[in-house]
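Chain residues, written in single-letter form:
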Amino acid sequence: MYRIKHNLLLLICLLLVTAQVGLAAQVQVDFLDVGQGDAVLIHSSDGGVLLIDAGIQSAGAAVVVPHIKRLGIEDIDAVVMTHPHSDHIGGLIPVLEQIPVARVYSNYQVHTTQLYERLLLLIESLDIPFLLAEPGTEIPIAGIDRIEVLHPSQPLSDQINNNSIVLRMEVDGVSFLFTGDIEKEAEQLLINKRAELAADIIKVPHHGSSTSSHHEFVAAVQPSTAVIMVGEGNRYGHPDLEVLVRYQAAGAEIYRTDHHGTITVRVEDGVVSIETAKSRVGADQRLNLNSATLEELQTVPGIGPVLAARIITYREEFGFDSVEDLINITGIGAKTLEQIRDYFYVY
Ligand SMILES: [Zn+2]
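Residues numbered from 1 in each chain as written. Predicted model: local features only at pLDDT ≥ 70, side-chain atom pairs only at ≥ 80, totals over all residues.

Visitor: Tell me about the overall build of the protein chain, and please be specific about residues and values.
Guide: Looking only at helices and strands, the protein chain has twelve helices and 16 strands in total. Over its C-alpha atoms, taken along the principal directions, the protein chain stretches across nearly 75 × 70 × 40 Å. When burial is assessed residue by residue, the protein chain has 39% of its 347 residues classed as buried. In the protein chain, the proportion of contacts linking residues at least 24 apart, taken out of those at least 6 apart, comes to 65%. (Helix = DSSP H or I, 4+ residues; strand = E, 2+ residues; numbered from the N terminus. Buried ≥ 20, exposed ≤ 12 C-beta atoms within 10 Å, placed from the backbone. Contact = placed C-beta atoms within 7 Å.)

Visitor: I'd love a proper account of the environment of Ile263, names of residues and values included.
Guide: Tracing the backbone shows Ile263 in strand 13 (residues 263-268). The exposure class of Ile263 is buried, given the 23 C-beta atoms found within 10 Å. Along the primary structure Ile263 and Ala309 are separated by 46 residues, whereas in three dimensions their C-alpha atoms are 37 Å apart. Beyond its immediate sequence surroundings of up to four residues, Ile263 is in contact with Phe31, Val227, Tyr255, Thr257, Ile274 and Thr276.

Visitor: Any details on the environment of Leu132? Residues and values, ideally.
Guide: On the secondary structure map, Leu132 appears in strand 6 (residues 130-132). In this structure the C-alpha to C-alpha distance between Leu132 and Asn107, which are 25 residues apart in sequence, comes to 5.6 Å.

Visitor: Account for the pairing of strand 2 (residues 40-44), naming residues and giving values.
Guide: Counting buried residues in strand 2 gives five out of five residues, a clear majority hidden from the surface. Looking at chain direction, strand 1 (residues 27-31) and strand 2 are connected through five bridges and run antiparallel. Bridge assignment links Val29 to a residue of strand 2, and that residue is Ile42. Bridge count between strand 2 and strand 3 (residues 49-52): four bridges; the pairing is antiparallel. By the bridge assignment, Leu41 is partnered in strand 3 with Leu51. Remark: four residues form the turn of the hairpin made by strand 2 and strand 3, two consecutive strands paired antiparallel; Gly47 in that turn has positive phi of roughly 95°. (Pairing = 2+ DSSP bridges.)

Visitor: Quick rundown of the sheet that holds strand 8 (residues 166-171)? Include the residues and the values.
Guide: Ordered in space as 7-8-9-10-11-12, the six strands form an open sheet in which the pairing is mixed. Only two strands of the sheet have a single neighbouring strand rather than two, namely strand 7 (146-151) and strand 12 (253-256). Across this sheet, the average inter-strand angle for adjacent strands is 20°, counted without regard to direction. Two elements, strand 11 (residues 225-228) and strand 12, share four bridges in a ladder whose sense is parallel. Residue pairing across strands places Ala226 opposite Ile254, the latter belonging to strand 12. (Axes fitted to C-alpha atoms, helices over the stretch in contact; angles between N-to-C directions.)

Purely spatial values, then, with no claim about function.
Given below as structure tokens:
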């Protein structure tokens, strides 16, 4: 009897130790759905918290602050403002007003908007250390192996987007690249100076704009996951179709906040898992291309009676092996396929 009890106790102790070890290795990166804008919250089970940008002001109040509070986070170790555009810094105002922040990193960009001025005054009035982020700066966050600033160098260029702070993070052998709104010029600069760009997961520069993510840059990063932070139906036409194709061709799986909502990447003992708040189309709403009726096919946006009939004709002749086979149908090009693919599956 004594022996059984003893062994049981030992087992319980072992379980507790294992659970603790598992917990210690966990880092979570939340790409928050703030519409058109960026907001990335990084937090470790060791209690380290880093916030990179916070969307526009209303999104900061409606999305970022409630998200942080829901997680039970009471204070933030560091905030990085990548560059002073409103879709990145506006939300920092409600964040700083409501949650204690230990330090703020900036590129010291001079940019005279009322919003930026308000934010700087707020940082000053709260007496938060305001630090320069430049190549070589390391941002220490508990539970994260390394966060290093790759860009920009001083003096800054005259292009605000290209002065965005670029960060590279390492967690348990998994690497992340956060790129703000850099465009081709800054991408080229990073390549020329042989910055360590290779990363498993990239926050795609500038909301997937056609002015960023040029071939050489995507090849240098070679990501397996590309996250695009973009507002649904935004007026800029982000993300650019060619940019999507470029990442896909490089072998990356694409996640977009306009389709997936908030995207959560977890690294636990070097293993990555990704969860999204919503899928573009619920799994139960998708149609099987090999059995959907003429009427059902027409419930998909962009498919009228003519295309629906062609899909059925194709099916009767060849059958569908994959959703990509839709490209063989007259009237369905790469762009249409991208828009409708998530509505289908093949069985
Ligand atoms: Zn932006």
